[in-house]
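Coordinate analysis (summary)
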Amino acid sequence: MWNEKLNIAVLLPCYNEAATIGNVVRGFRETIPQASIYVYDNNSTDGTALQAMLAGANVVRERRQGKGHVVRRMFADIEADIYLMADGDGTYAPEDAEELIRTLLTEGSDMVVGTRRNVHNDAGRQGHAFGNRIFNWLYRSIFGADFTDIFSGYRAFSRRFVKSFPAVSGGFEIETEMSVHASRLKLPVSELELDYGRRPEGSHSKLSTFRDGGKILWMFAMLMKETRPFAFFGLLCVICVEMSIGFSIPVFIEFFETGMVSRLPSWILAMALAMIACMLFTAGLILDSVARARAEQLRIHYMSLAKPSSREAGDERTVYMAELEKPASRKKRAKAA
């Protein structure tokens, strides 16, 4: 049994998920009976809110369209010790919630990500699967190797994470922002590989391969500018330097051969690009110091927030270890292995 002193909130952002939300809410009620379940309806037109209420969830409407707006509202509204976020489409198993929360407590993490075991095979369209691979590789190249599945919507959070997360995204790129926030502040995080299911008949994905892919790429660029400005502006500086050299080489060749400069526009453009490169380099240096100061302020705010007491966390570790020692648990783990 969970420690009754811990206040657990299950957060389910939804948009037109009437076909699945009832079963999802009932699944979480059975798995974590003492948790408060919140469904934030994002302007659904198919009776999602009604199905959620009939299943016993607390329903709130968020009028601003987009998952990022919903998550920002949820994190601002709800007070809890542990937050569990999932999608309302039935692709994440409520039965895995127990293991996510245990991992959060026993490993002392601020965020546990339920990585999707068969996401590349089960993605509704090949474009989604290909995009997952590309964006995860891009994330590891820019922000570090903390995560292997940045788009997973099944996550457990500590109160510290939720109340220190700025949440500026408006759409599906919110998961990327969460991952960058954790990497930027060097927060303790964990990953837990879980099965990823298919949507049942009648439920449809809201993702657009190209539109949402473009938004995520733009978010990558913005987050890189905000969190790694020296690398961002340094890359632009290198591009301008290379262009400047490319335009100036023919001018230099002509000057050394004839002593004349007939390509004056090319020379002016080359010098302008060189000046822009210098300004970009200077901007990168200055903004890098600003970004470090902002990260330090966020870290101080994060450290000022309360976490579950060591006694509560210790009690949960004791319960978890006791469960592992039961014959049924050993048999279950042996079967899984």
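Above this note sits the structure.
The paragraphs below set out a description of the structure included in this document. (Residues numbered from 1 in each chain as written. Predicted model: local features only at pLDDT ≥ 70, side-chain atom pairs only at ≥ 80, totals over all residues. Heavy atoms only, no water.)

What sets the pattern is the α-helix's 3.6 residues per turn: residues three or four places apart point alike. Taking 1.5 Å per residue as the helical rise, helix α10 (residues 229-258) with its 30 residues ought to reach 44 Å, and the 43 Å between its terminal C-alpha atoms agrees with that figure. The axis of α10 is deflected most strongly, by about 30 degrees, at S248, and proline P250 appears within four residues downstream. Just beyond α10, the residue with positive phi is G259, at close to 75 degrees. (Helix = DSSP H or I, 4+ residues; strand = E, 2+ residues; numbered from the N terminus. Expected span 1.5 Å × (residues − 1). Bend = angle between axes of the 7 residues up to and from the residue.)

This part takes up unusual backbone geometry. Positive phi outside glycine occurs at N43, with the angle close to 65 degrees. Its location among the elements puts N43 in the loop between β2 (36-41) and α2 (48-54). Of the residues examined, N43 reaches a relative accessible area of 18% and is grouped as buried. The phi dihedral of A167 falls on the positive side, at around 50 degrees, and the residue is not glycine. Within the element layout of this structure, A167 appears in the loop between α7 (159-164) and α8 (174-185). In this structure A167 comes out as buried when scored by relative accessible area, which is 4%. (Buried < 20%, exposed > 50% of the residue type's maximum accessible area, 1.4 Å probe, protein only.)

Counting buried residues in strand β5 (residues 111-116) gives 6 out of 6 residues, a clear majority hidden from the surface. Burial along β5 is two-sided: the face carrying M111, V113 and T115 and the face carrying V112, G114 and R116 are both buried. Of the pairings in the sheet, the one linking β5 to strand β6 (residues 155-158) comprises 3 bridges and is antiparallel in character. Residue pairing across strands places V112 opposite A156, the latter belonging to β6. Here β5 pairs with strand β7 (residues 189-194) via 6 bridges, running parallel. For V113, the partnering residue across the bridge sits in β7 and is E191. (Pairing = 2+ DSSP bridges.)

For the rest of this paragraph, the subject is helix α1 (residues 21-31). Restricting attention to buried positions, one finds in α1 the residues I21, G22, V24, V25, G27, F28 and T31. For α1, the elements touching its buried residues are β1 (8-14), β2, α2, β4 (82-85) and α4 (97-106). (Contact = heavy atoms within 4.5 Å.)

Looking now at the nonpolar core. Of all hydrophobic cores here, the largest spans 44 residues; its most connected members are F75, F157 and M178. With 31 residues, the next largest nonpolar core counts V25, A35, L100 and L192 among its residues. (Core = buried A, V, L, I, M, F, W, Y, C linked by side-chain atoms within 4.5 Å.)

Direction of pairing for β2 relative to strand β3 (residues 58-61): parallel, over a ladder of 4 bridges. The partner of Y38 across the bridge, within β3, is N58. Once you follow β2 into α2 and on to β3, the crossover reads as right-handed. (Right-handed = clockwise from strand over helix to strand, strands pointing away.)

These figures come from the coordinates and say nothing about function on their own.
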